[in-house]
Amino acid sequence: MSETRVARQDTAPPPSSPATLQVVPVRHPGRWLATAVVLVLLAMFVNTLLTNPRFQWDVVGEYFLSASVLDGLRRTLVLTVLSMVAGLVLGVVLAVMRLSPNPVVSSVSWFYIALFRGTPLLVQLLFWFNLSALYPVLSLGVPFGPSFVSGSSNAFITPLVAALLGLALNEAAYMAEIVRAGLQSVDTGQSEAAQALGMARGHILRRIVLPQAMRVIVPPTGNETISMLKTTSLVSVLSMPDLLYSVQIIYSRTYQTIPLLIVASLWYLILTSVLTTGQYFLERRFSRGGTRSAPRSLWQRLAAGLLVRHSVPAGASGEAR
Amino acid sequence: MTGRAAVQGPAEVLVCADGVRKSFGLLEVLKGITLDVRRSEVMCLLGPSGSGKSTFLRCINHLEKIDAGSITVGGELVGYRQAKGKLYELKDHEVARRRRDIGMVFQQFNLFPHMTVRENLVEAPLRVLGEPRERAGAHAEQLLERVGLRDKIDAYPRQLSGGQQQRVAIARALAMRPTLMLFDEPTSALDPELVGEVLDVMRDLAEDGMTMVVVTHEVGFAREVADSVVFMDDGVVVEAGPPEQVLTAPRNDRTRSFLAKVL
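These numbers were taken from a predicted model, which means no experiment stands behind them. (Residues numbered from 1 in each chain as written. Chains lettered and ligands numbered in written order. Predicted model: local features only at pLDDT ≥ 70, side-chain atom pairs only at ≥ 80, totals over all residues. Heavy atoms only, no water.)

Chemist: With reference to specific residues and values, describe the overall build of chain A.
Modeler: Across its full length, chain A carries 14 helices and two strands. Sorting the 321 residues of chain A into buried and exposed places 34% on the buried side. Of the contacts made within chain A by residues no fewer than 6 positions apart, 71% connect residues no fewer than 24 positions apart. Here chain A has roughly 19700 Å² of accessible surface; of this, 67% comes from carbon and sulfur atoms. (Helix = DSSP H or I, 4+ residues; strand = E, 2+ residues; numbered from the N terminus. Buried < 20%, exposed > 50% of the residue type's maximum accessible area, 1.4 Å probe, protein only. Contact = heavy atoms within 4.5 Å. Areas by Shrake-Rupley, 256 points an atom, 1.4 Å probe, with all protein chains shown as cover.)

Chemist: Tell me about the pairing of strand S12 (residues 236-241) of chain B, and name the residues and values.
Modeler: All names here are of chain B. With five of six residues buried, S12 is to be regarded as a mostly interior element. Examined bridge by bridge, strand S11 (residues 228-233) and S12 share five bridges and lie antiparallel to one another. Paired with Met232 across the two strands is Val237, which belongs to S12. Counting the residues between successive antiparallel strands, the hairpin from S11 to S12 contains two residues, one of them, Asp234, with a positive phi of roughly 55°. (Pairing = 2+ DSSP bridges.)

Chemist: Explain the sheet that holds strand S8 (residues 102-105) of chain B to me, using residue names and the numbers behind them.
Modeler: Residue and element names in this part refer to chain B. Pairing within the open sheet is mixed, and its six strands lie in the order S8-S9-S10-S3-S11-S12. Strand pairing shows two members of the sheet lacking a second neighbour, S8 and S12, which therefore form its edges. On average, adjacent strands in this sheet sit at an angle of 15° to one another, irrespective of strand direction. (Axes fitted to C-alpha atoms, helices over the stretch in contact; angles between N-to-C directions.)

Chemist: Tell me what's going on with the packing of helix H4 (residues 67-98) of chain A against helix H9 (residues 159-185) of chain A, and back it up with residues and numbers.
Modeler: Residues and elements named next belong to chain A. Where H4 contacts H9, the two axes come as close as 6 Å, and the packing angle between them is 45°. What the angle tells us is that H4 and H9 run oblique. The way H4 lies across H9 gives a crossing that is right-handed. Split by residue class, the contact of H4 with H9 holds 19 nonpolar, three polar and four charged. (Parallel < 35°, antiparallel > 145°, perpendicular 65-115°, else oblique. Left-handed = near helix turned anticlockwise from the far one by under 90°. Nonpolar A, V, L, I, M, F, W, Y, C, P; charged D, E, K, R; others polar.)

Chemist: Report on the sheet that holds strand S4 (residues 68-73) of chain B, specifying residues and quantitative values.
Modeler: All names here are of chain B. Taken in spatial order, the four strands line up as S2-S1-S4-S5 in an open sheet, and their pairing is antiparallel. Lying at the two open borders of the sheet, with one neighbouring strand each, are strand S2 (27-38) and strand S5 (76-77). One ladder, built from five bridges, connects strand S1 (residues 13-24) with S4; its direction is antiparallel. Bridge pairing in S4 links Cys16 to Thr72. On top of the sheet, helix H1 (residues 53-60) reaches S1, S2 and S4; it is set at about 60° to S2, its chief contact.

Chemist: Outline the pairing of strand S10 (residues 211-215) of chain B, listing residues and values.
Modeler: Residue and element names in this part refer to chain B. Among the five residues of S10, five are classified as buried, and the element is accordingly described as predominantly covered. Residues of S10 alternate between two faces, with Thr211, Val213 and Val215 on one and Met212 and Val214 on the opposite face, all of them buried. As judged from the four bridges shared by strand S3 (residues 42-46) and S10, these two strands associate in the parallel manner. Pairing of Met43 across the sheet is with Val213, part of S10. Summarising the sheet, strand S9 (residues 180-184) and S10 pair through five bridges and their orientation is parallel. Its bridge partner lying in S10, Leu182 is registered against Val213. Read as a crossover between parallel neighbours, the route from S9 over helix H6 (residues 192-207) to S10 is right-handed. (Right-handed = clockwise from strand over helix to strand, strands pointing away.)

Chemist: So, helix H5 (residues 162-174) of chain B: which residues are in play, and what are the values?
Modeler: With 13 residues, H5 of chain B extends 18 Å from end C-alpha to end C-alpha; this agrees with the ideal 18 Å at 1.5 Å per step. Of all 13 residues making up H5 of chain B, 13 are buried, and the element is well covered by its neighbours. (Expected span 1.5 Å × (residues − 1).)

Chemist: Describe in detail the interface of chain A and chain B, supporting the description with residues and values.
Modeler: Each partner contributes residues to the interface: chain A has 26 residues there, and chain B has 27 residues. The contact between chain A and chain B buries some 2400 Å² in all, and 52% of this surface belongs to carbon and sulfur atoms. Considering only the side of chain A, the residues that lose the most area to chain B are Ala196, Leu197 and Arg207 of chain A, jointly responsible for 25% of the buried surface there. Here Arg58 of chain B makes a salt bridge to Glu192 of chain A, at a shortest N to O gap of 2.6 Å. Taken together, chain A and chain B are joined by eight residue pairs in polar contact (both at pLDDT 80 or more). Residue classes in the side of chain A that touches chain B are distributed as nine nonpolar, 10 polar and seven charged. (Buried area = accessible area lost by both parts, 1.4 Å probe. Salt bridge = Lys/Arg side-chain N within 4 Å of Asp/Glu carboxyl O. Polar contact = N/O pair within 3.5 Å; in protein donor to acceptor, adjacent residues only side chain to side chain.)

Given below as structure tokens:
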């Protein structure tokens with residue numbers, strides 16, 4: 001077998017030397033077809049945006065920066081920031097409780113998470129809003145003892161307070177699981193090494209474990225923030241004039257439903273884009289030492305055409321609320 | 001066999017273990033370990049896996065709690081306080097204070113991956129001992145010089161080879177100026193060609209008079225560097241003595257059959 005091959009090679013004239021051989025890449029006619037289809041659909045989409053007068057782009061422009069829309073925008077931002085901060089703080093507390101060796105403490109955290117993740121956020125918001133039906137009077141004092149301050153629930157539970165309670169307490173349950181996953185992702189050898197160096201528990205958590213846990217915590221927290229920004233639109237059921245409810249108020253008067261919904265959507269899009277960019281830089285900050293090569297700058301990545309988009313880590317977020 | 005490492009010389013006892021017992025659940029891994037380590041002594045713990053040697057090492061700096069017996073380092077109990085015939089477990093920060101003088105090197109290096117080599121070395125001296133920054137930094141450079149990694153001071157651990165990481169880990173432990181160094185299978189996670197560089201650093205430390213307790217499978221290192229070798233099996237000290245005795249002319253059958261397998 002091998003002998004015949006050798007013989008043939010010897011007799012046949014060499015086709016051409018390897019250096020002059022041309023490489024022909026495999027053809028992908030399917031890709032060209034797909035590109036054509038997508039381009040046609042894209043052209044149709046742009047065409048309808050420009051030619052369908054019912055989009056009423058002039059109305060969009062008219063209301064985009066109007067005072068009531070900007071007011072709603074401000075409320076949406078305030079709600080997002082306050083709920084996320086409160087949710088994050090309470091989430092860290094719940095995560096630490098969940099990992100506590102004390103069974104009572106850890107089951108309370110487990111139960112909290114089960115309760116707040118197990119019921120729809122909309123129901124929770126309505127529940128807080130209607131708290132006065134359950135407790136007409138709220139008071140602060142010694143448990144089972146005298147109270148120092150008390151007042152009517154209706155006065156205390158404004159739409160803002162109900163919205164914040166609902167959003168933050170719900171968010172805390174999700175953040176608790178994210179933080180717990182982050183803390184548990186850090187190898188126990190890390191805290192052992194730190195202990196062996198004589199570091200105390202708080203020092204180890206702050207300087208050794210949390211910074212490493214952040215690599216796992218930041219991406220889903222970014223998703224949570226983006227999700228929260230949009231979830232705040234639920235508070236329109238509490239008649240709280242956030243971004244969505246503000247445009248609803250306008251179009252219920254002017255009947256320009258579509259252009260005003262576009263105004264709200266554009267603002268949501270802008271804000272989520274800003275948040276996504278912020279998330280990118282946060283992740284870079286916490287990925288120090290994560291790879292063997294030094295991290296490249298944003299510009300280097302753009303230049304390399306490798307700007308990565310951050311996908312939702314499985315199970316970390318994106319669950320139906 | 002008394003189980004006490006017989007070492008010549010009048011040097012003072014630094015580590016004194018007396019009847020140390022430890023169980024994980026129903027499994028008793030240490031069944032009464034009694035041994036002394038003298039100042040400047042290098043003791044190698046040998047034995048088959050599961051014999052309890054790593055657990056014993058971790059008991060010395062209280063990474064594992066002991067169930068009975070006692071361990072003192074420099075005359076002080078490590079994780080406990082003795083009063084009225086009982087041992088009271090110490091609080092976290094008190095244990096931390098006593099651990100400062102005991103350096104430990106792990107099989108998996110356990111460098112802090114989010115910190116550079118320099119930050120790994122100065123973190124504990126700065127924040128635990130409260131050393132001034134310049135002093136801790138200068139000491140770090142000096143230690144890295146000693147382990148031959150002065151040029152890696154700004155690298156992150158993941159940019160280093162296993163052998164380099166372990167040498168940094170040794171330097172990090174030394175940065176606390178410990179009186180005792182514990183090594184938990186320091187070369188077991190290394191590629192064979194990287195073992196030598198780590199053993200060289202340890203040999204250098206031993207020559208400098210550091211007291212060392214080394215859990216290892218490197219019988220050659222034990223023979224060459226150790227002052228005493230302790231052979232453990234099934235949670236007890238089977239044989240202890242100078243390396244030429246334990247490694248060359250073991251008196252116990254279990255030691256003999258173990259050495260026959262690893263040599």
